[in-house]
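Here's the letter readout for the chains.
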Amino acid sequence: MKSIEEIFLEYGNTVYKYLLAICRDKDLAEELSQETFYQAIKSINRFDEKSKLSTWLCAIAKNVYFTYLRKNRNIVDYDINDIIDENIKSKSTEEIVVNNFSKIDILKAINKLSSPQKDVLYLRLFGDLSFREIGDILEKNENWARVTYYRSKLLLRKELENE
C-alpha cells in the first residue's frame, strides 16, 4: 500500500475535481478535499482493494459533501445561472437547451435521467472533467464516458422537449 502522501499526490486532483463538480465552489471543494483525505486516513483499514483507490476516495468525498450539506442546509447557495453559463461549452444541445429552457427546468430534466447518465452530465458540464477522468471515477473507460455523455445529451433534449 502506498503512503498517504503518495496517494494524495496521485489522487488529490481527481478528488478535488470530483468535489468541485458536485459542490460548484472552489474553496469548498478544497476544504472538502482535505476532509476527504482526513477521513481516508482514519478508515484506510477498511479499504479492501476490490475497487480502485480513486473510486473509494470519491465515495468518501461524496459522503463528506453530503455531511456538509446536512450540517449547513441554510448556507448552501449558488447561482445556477453562473454555473450553466460558465460550463456550457459549445453550440450544441447544451446551448439550445440553455437558450430555450429555464435553468431550473434543465436541472430537473437532468435529475430525471438514470444514475450513470446524470453523473456523466454533472461531471462533464459542472466539473469540467475529461472523459478519461469521468471514466476513472465511474470505473469505466474513456470511450464509455464519451458515448454515455452523447446519449445523455440526446435524452436530455428529449426530456426537455416533452415538458
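Everything quoted here is computed from the prediction, not taken from an experiment. (Residues numbered from 1 in each chain as written. Predicted model: local features only at pLDDT ≥ 70, side-chain atom pairs only at ≥ 80, totals over all residues. Heavy atoms only, no water.)

Chemist: Any chance you could explain the nonpolar core here in plain terms?
Modeler: Considering soluble globular proteins, one finds that nonpolar side chains tend to be buried as a cluster. Of all hydrophobic cores here, the largest spans 43 residues; its most connected members are Leu19 and Leu57. Looking at this core, the elements with two or more residues in it are α1 (4–23), α2 (26–42), α3 (53–71), α6 (103–112), α7 (115–126), α8 (131–137) and α9 (142–162). Per-domain counts for this core show at least three residues from each of domain 1 (4–72) and domain 2 (82–162). (Core = buried A, V, L, I, M, F, W, Y, C linked by side-chain atoms within 4.5 Å. Buried < 20%, exposed > 50% of the residue type's maximum accessible area, 1.4 Å probe, protein only. Helix = DSSP H or I, 4+ residues; strand = E, 2+ residues; numbered from the N terminus. Domains from an automatic or database assignment.)

Chemist: How should I be thinking about the environment of Val120 in this particular structure?
Modeler: Checked against the element boundaries, Val120 lands in helix α7. Overall, Val120 belongs to the buried group, its relative accessible area being 0%. When the C-alpha positions of Val120 and Ile134 are compared, they lie 6.8 Å apart, and in sequence the two are 14 residues distant. Ignoring anything within four residues of it in the chain, the contact list for Val120 reads Ile134, Leu138, Trp144, Ala145, Thr148 and Tyr149. (Contact = heavy atoms within 4.5 Å.)

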